[in-house]
Amino acid sequence: MTVRLVSVNAGRSELMRIGARTVATGIRKAPVERGHVGALGLAGDVVADEENHGGLDQALYLYSSEDYAFWADELGRAPEPGTFGENLTLSSFGPEPVRIGARFRIGAALVEVTAPRIPCSVFATRMGEPDWVKRFADARRPGLYVRVLEPGQVAAEDPVEQIAGGNGHPTVVDLMDAWYDSEPDAELLERLLAAPLAERARANIERKLARVAR
C-alpha cells in the first residue's frame, strides 16, 4: 500500500462559546502548502489550550482519509482535511492497527505514536453534531498523537512510511478503550505503561492502575 501525506493543516487561536464558557482554541485548521515540523509541532500552527494539547509528546495530531471516509458515511457529508483539528492528514495509517510507539517517516520528519485523541466539548462544538463526544469515542477511530523524533519539512503528496517501533506494545485503540473502561485489565495497564505514552495518557493509566491494585 502506498501511503502519502494528503494535507498539512494549521490554525490560529480563536474564541469559541461552549455553554456558559468562552474558551480559546486552535481546533479550526485549514490546509497550507507545506510546513516545518519541529519538536513542538508544526510551525505557524497555534495550540491555544496548552493544558490538554501540544507539548513534546503530543506535538502533532494525525488523521487519515480512510477514517474521514467512514465519517462521510456517518454524517452524510464529507469533512475536509483539517476539520478534526489534525495537523497532518494521511491517506491511510496502513492495514494493521497502529501501536503505541509506531514510527512514521513523513516527508523529512520522523514521528512516534504516543496516544489517541480523546474527544472533548471543544471538538463537539466544532462539529456541531449531537452527542459527538460519545459518537467519536464509540467509533474507535481516534487518530494519532505523535512526538517528533526528527524535525523536517513536510508537504502535501510527500511519501509516508511506517517503520520500526511499536512491536509488542498495545494499540492506540487499546489505550482508548482503557481510558473509558471503569474496570480495566491490570495486565493491559501495565503493558501500556511499558510503552512510550504521552505524559497525559501515562498519568491517566497510572491512576487507573493504582485503583485496580487496591
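Everything here concerns the structure above.
Here's what I pulled together on the structure shown here. In this text the structure is predicted, and so the values were computed from the model without any measurement. Numbers given to residues run from 1 along each chain, matching the order in which its sequence is written. Per-residue local features of the predicted model are confined to residues with pLDDT of at least 70, and side-chain atom pairs are confined, for both listing and counting, to 80 or more; whole-chain, interface and lining totals are unaffected and use all residues. Derived side-chain values reflect all non-hydrogen atoms in the structure, with water molecules and hydrogen atoms excluded from consideration.

Re the pairing of strand β1 (residues 3–11)
This is how it is decided: Per-residue accessibility, obtained with a 1.4 Å probe over protein chains only, is compared with the maximum for each type, and a residue is labelled buried under 20%, exposed over 50%, and partly exposed between these values. Secondary structure elements follow DSSP: runs of H or I of four or more residues count as helices, runs of E of two or more count as strands, with numbering from the N terminus. Pairs of strands are assigned from DSSP output, requiring at least two bridges between the strands.
In terms of residue burial, β1 counts as a mostly covered element, since seven of its nine residues are buried. Bridging between β1 and strand β13 (residues 159–163) involves two bridges; their strand directions are antiparallel. Bridge pairing links Arg 4 to Pro 159 in β13. Pairing geometry for β1 and strand β8 (residues 88–90), over three bridges, is antiparallel. Within β8, the position partnered with Val 8 by the bridge is Leu 88. The pairing of β1 with strand β4 (residues 29–32) spans four bridges and is classified as antiparallel. Paired with Val 8 across the bridge in β4 is Val 32.

Some points on helix α3 (residues 132–139)
Cut-off, in case you're wondering: Picture the helix axis, draw a direction to every C-beta atom, and the arc is the one those directions span.
Along α3, the residues that are buried comprise Trp 132, Phe 136, Ala 137 and Ala 139. All buried residues of α3 fall inside an arc of 165° around its axis, so they share one side. Among the residues trailing α3, Arg 140 stands out with phi positive, at a value near 55°.

Re the sheet that holds strand β6 (residues 41–42)
The strands that make up a sheet pair up through hydrogen bonds in the backbone, lying either parallel or antiparallel. Sheet architecture is open: three strands sit in the order β6-β5-β12, paired in antiparallel fashion. Each edge of the open sheet is held by one strand with a lone partner, namely β6 and β12 (152–155).

Brief notes about the packing of aromatic side chains
Filter applied, for reference: Pairing of aromatic side chains here covers Phe, Tyr and the six-membered ring of Trp, requires ring centres within 6.5 Å, and sorts the geometry by plane angle: under 30 degrees stacked, over 60 edge-to-face, intermediate tilted.
Here the structure, examined in full by the defined rule, presents 16 aromatic pairs. When the centroid spacing of 5.0 Å and the interplanar angle of 75° are considered together, the rings of Phe 123 and Phe 136 count as edge-to-face. Here Phe 123, found in helix α2 (residues 121–127), pairs with Phe 136, found in helix α3; they are 13 residues apart in sequence, far enough to count as distant. Of the residues examined, Phe 136 reaches a relative accessible area of 0% and is grouped as buried.

Here we look at helix α1 (residues 65–75)
Just so we agree on the cut-off: We call two residues in contact when some of their heavy atoms are within 4.5 Å.
Inspection of α1 places Asp 67, Tyr 68, Trp 71 and Leu 75 among the buried residues, and these make up the whole buried set. What you see down the axis of α1 is that its buried residues fit within an arc of 100°, all on one side. Buried residues belonging to α1 abut β7 (60–64), β8, α2 and α3. Gly 76 lies just past α1 and shows a positive phi near 75°.

Considerations on the packing of helix α5 (residues 186–193) against helix α6 (residues 199–212)
This is how the line gets drawn: To obtain an axis, a line is fitted to C-alpha atoms, over the contacting stretch when the element is a helix, and the angle between two such axes runs from 0 to 180 degrees between their N-to-C directions. Helix crossings get a hand from a simple test, with the near helix turned counterclockwise from the far one by less than a right angle marking a left-handed crossing and a clockwise turn marking a right-handed one.
Direction vectors running N to C along α5 and α6 enclose 150°, while the axes themselves pass 10 Å from each other. By crossing handedness, the relation of α5 to α6 is classed as left-handed. Where α5 abuts α6, its residues Ala 186, Leu 189, Glu 190, Leu 192 and Leu 193 lie against Arg 202, Ile 205, Glu 206, Lys 208, Leu 209 and Val 212.

With respect to the side chain of Lys 208
How we decide: Residues scored as charged are limited to Lys and Arg (positive) and Asp and Glu (negative), so that His and the chain ends carry no count. We define a salt bridge as a side-chain nitrogen of Lys or Arg found within 4 Å of a carboxyl oxygen belonging to Asp or Glu.
Along the chain, Lys 208 turns up in helix α6. Asp 181 is the oppositely charged side chain nearest to the buried, salt-bridge-free Lys 208, at an N-O distance of 6.6 Å. For Lys 208, the contacting residues outside a window of four places in its chain are Ala 178, Trp 179, Asp 181, Pro 184 and Leu 189.

Some thoughts on unusual backbone geometry
Unusually for a residue other than glycine, Arg 140 sits at a positive phi of about 55°. Inspection of the secondary structure assignment puts Arg 140 in the loop between α3 and β11 (144–150). One non-glycine residue, Glu 157, lies in positive phi territory at about 85°. Mapped onto the elements, Glu 157 comes out in the loop between β12 and β13.

A look at the pattern of salt bridges
Close approach of charged atoms lets side chains of opposite charge pair. On inspection of all chains with the given rule, the structure shows 13 salt bridges. In this structure, Glu 14 engages Arg 28 in a salt bridge whose closest nitrogen and oxygen atoms are separated by 3.0 Å. Taken as a pair, Glu 14 in strand β2 (residues 14–18) and Arg 28 in the loop between β3 (21–25) and β4 lie far apart in primary sequence, 14 residues in all. For Asp 45, the salt bridge goes to Lys 29, with nearest N and O atoms at 2.8 Å. In this pair, Asp 45 sits in the loop between β6 and β7 while Lys 29 sits in strand β4, placing the two residues 16 residues apart along the sequence. Judged by its relative accessible area of 17%, Asp 45 is buried. Relative accessible area serves as the criterion here: at 11%, Lys 29 is assigned to the buried category. Through salt bridges with shared partners, one network takes in Arg 77, Glu 129 and Arg 135.

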